[in-house]
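Letter by letter, the chains look like this.
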Amino acid sequence: PNFGAAPLPVMVTVANVTSGANLSLEFGDGTFSSVQQIGQNAFGASHTFPSAGSYTIKLRRTNNSGDTCVSASCPILSTVAVSVNGGQVATASLA
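How each quantity is defined
Residues numbered from 1 in each chain as written. Predicted model: local features only at pLDDT ≥ 70, side-chain atom pairs only at ≥ 80, totals over all residues. Heavy atoms only, no water. Salt bridge = Lys/Arg side-chain N within 4 Å of Asp/Glu carboxyl O. Helix = DSSP H or I, 4+ residues; strand = E, 2+ residues; numbered from the N terminus. Buried < 20%, exposed > 50% of the residue type's maximum accessible area, 1.4 Å probe, protein only. Pairing = 2+ DSSP bridges. Core = buried A, V, L, I, M, F, W, Y, C linked by side-chain atoms within 4.5 Å. Polar contact = N/O pair within 3.5 Å; in protein donor to acceptor, adjacent residues only side chain to side chain. Contact = heavy atoms within 4.5 Å.

A word on the pattern of salt bridges
Reasoning step 1: Summed over the entire model, instances satisfying the criterion amount to one salt bridge.
Reasoning step 2: A salt bridge links arginine 60 to glutamate 26, with the shortest nitrogen-to-oxygen separation between them at 2.7 Å. You can see arginine 60 sitting in strand β7 (residues 53-61) and its partner glutamate 26 sitting in strand β3 (residues 23-26), a full 34 residues away along the chain. In terms of burial, arginine 60 and glutamate 26 fall into one category: buried.

Comments concerning the environment of valine 14
Reasoning step 1: Looking at the secondary structure, you find valine 14 in strand β2 (residues 8-14).
Reasoning step 2: For valine 14, a relative accessible area of 8% translates into the label buried.

Description of the pairing of β7
Reasoning step 1: Relative to β7, β3 runs antiparallel, the two being bridged by four bridges. Bridging across to β7, leucine 23 finds its partner in arginine 61.
Reasoning step 2: Taken together, the eight bridges between β7 and strand β8 (residues 76-84) define a ladder with antiparallel strand orientation. If you follow threonine 56 over to β8, its bridge partner there is alanine 81.

Regarding the environment of leucine 8
Reasoning step 1: Residue placement: leucine 8 occurs in strand β2.
Reasoning step 2: By relative accessible area, leucine 8 is classed as buried at 0%.
Reasoning step 3: The spacing of leucine 8 and serine 83 is 75 residues in sequence and 9.5 Å in space, taken between C-alpha atoms.

Points about the nonpolar core
Reasoning step 1: Of all hydrophobic cores here, the largest spans 17 residues; its most connected members are Leu25, Phe27, Val35, Phe49, Ile57 and Val82.
Reasoning step 2: Contributing elements (two or more residues each) for this core: β2, β3, β6 (42-49), β7 and β8.

Considering the side chain of histidine 47
Reasoning step 1: Within the fold, histidine 47 resides in strand β6.
Reasoning step 2: Of note is the side chain of histidine 47, whose polar atom sits 2.8 Å from the side chain of aspartate 29.
Reasoning step 3: A polar contact is formed between the side chain of histidine 47 and the side chain of threonine 31, at a distance of 3.4 Å.
Reasoning step 4: Those residues in contact with histidine 47, other than ones at most four positions away along the chain, are Leu8, Pro9, Val10, Phe27, Asp29 and Thr31.

Geometric values such as these leave the question of function open.
Right under this line is the structure:
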């Protein structure tokens with residue numbers, strides 16, 4: 001489910017990619033992360049949302065040097081909504 005109680009740890013997985021290179025995640029709370037290999041043929045990142053609210057996680061393409069993209073000018077490839085309020089565990093998957 002894409003919901004849970006704050007503080008809410010979320011594991012974001014990115015589907016249909018063969019490399020995390022040139023990808024970054026924008027968590028919707030002002031923080032960003034590069035996409036890392038989290039298992040064999042699995043890519044993503046973990047993040048903890050500290051307070052209640054609705055957030056939109058965006059998968060963005062980074063610049064050619066692979067730097068984490070913190071600019072609205074970097075293209076959005078996919079989004080997923082996360083609600084932090086009540087519940088137990090959250091996962092988010094971006095295709």
